[in-house]
Amino acid sequence: MKNTYRKITYILLAMAFVGSMLLTFPQISFSATAVKYGSQGEVVRTIQRRLKTWGYYDGAVDGVFGKQTEAAVIKFQKKNGAKADGIVGPETAALIGVNLNQGSSSSSSSGSSSGVSSNDLYLLAKVVYGEARGEPYTGQVAVAAVVLNRVESPDFPNTISGVVYQPWAFTCVNDGQINLSPDQTAINAARDALNGWDPSYGALYYYNPKTATNQWIRQLKIHTTIGNHVFARGN
């Protein structure tokens, strides 16, 4: 009988311990694989804020994924070549620049771009403006990301200026458009890329199929298209 009482006591103590743990850590959350109609929270607010800035959404930034947000996501997906289902899964999240698992933006146009000089930021923005002004915002970020991907690649110079001014690397350098003053959109796109957003998915090359004359680059396998540009990782 004493053993039975002892076992019951242990069980009750264990239940009490588990209960106290649940009360102590109410913030624990699990990784999300998609955000869709009915979802709520900071990640939804970030999505709404970005889509509103880019002109896809005109509702309240309230963190509630309703019909207006769903319609805005579908509009964004159609414009950027993603599956137009109104669900922010991994592909659409990467295009928008949000981290579904952390519930927050993986990059921000108001971020600090720590570790990068203002000169580098401005030069990157000049490339974006010279190469991709008039393209969808996502496409402008992707162009900036290609520059940064080259910096990280052993096949290219290891600085932003070295990549940008590598002979015949960018049309805007050859035709002088690199000297134009970038607008705020180009600066925001450069900052977003510096803060980690890469809609190019690791591309090292991009070109406009309608205007490109380089036959070598046309042989590269295209893995994503944004606006008038196609993006490739290389051979």
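Scope of this entry: the structure provided in the associated data block.

Rules used throughout
Residues numbered from 1 in each chain as written. Predicted model: local features only at pLDDT ≥ 70, side-chain atom pairs only at ≥ 80, totals over all residues. Heavy atoms only, no water. Core = buried A, V, L, I, M, F, W, Y, C linked by side-chain atoms within 4.5 Å. Buried < 20%, exposed > 50% of the residue type's maximum accessible area, 1.4 Å probe, protein only. Helix = DSSP H or I, 4+ residues; strand = E, 2+ residues; numbered from the N terminus. Contact = heavy atoms within 4.5 Å. Phe/Tyr/Trp six-rings, centres within 6.5 Å; stacked < 30°, edge-to-face > 60°. Lys NZ or Arg CZ within 6 Å of the ring centre and 35° of its normal.

What follows concerns the nonpolar core. Formed by 62 residues in total, the largest nonpolar core has its most connected members in I47, L51 and V88. At nine residues, helix α6 (residues 137-152) tops the list of elements feeding residues into this core. Leaving out residues up to four positions away in the same chain, I47 has contacts with V35, V73, V88, I96 and V98.

So, about unusual backbone geometry. Located in the positive-phi region is W168, a residue other than glycine, with phi close to 65°. Summarising the element assignment, W168 is placed in the loop between α7 (160-164) and α8 (171-174). Residue classification places W168 among the exposed residues on the basis of a relative accessible area of 72%.

So, about the packing of aromatic side chains. Applying the stated criterion across every chain, the model contains five aromatic pairs. Measuring from centroid to centroid gives 5.3 Å for Y56 and F76, while their planes differ by 80°, and the two rings are edge-to-face. Here Y56, found in the loop between α2 (42-53) and α3 (67-79), pairs with F76, found in helix α3; they are 20 residues apart in sequence, far enough to count as distant. Residue F76 is classed as buried on the basis of its relative accessible area of 1%. Look at Y206 and F231: their rings are 5.8 Å apart centre to centre, the planes differ by 35°, and that puts the pair in the tilted class. Of this pair, Y206 sits in strand β3 (residues 205-207) while F231 sits in strand β5 (residues 229-232); the two residues are 25 residues apart in sequence, bridging distant segments of the chain. Residue classification places Y206 among the buried residues on the basis of a relative accessible area of 9%. Through successive ring pairs, a cluster of aromatic residues spans F170, Y206 and F231. Against the face of Y37 rests K67, its NZ or CZ located 4.9 Å from the ring centre. R133 extends its terminal NZ or CZ atom over the ring of Y129, reaching a point 4.8 Å from the ring centre.

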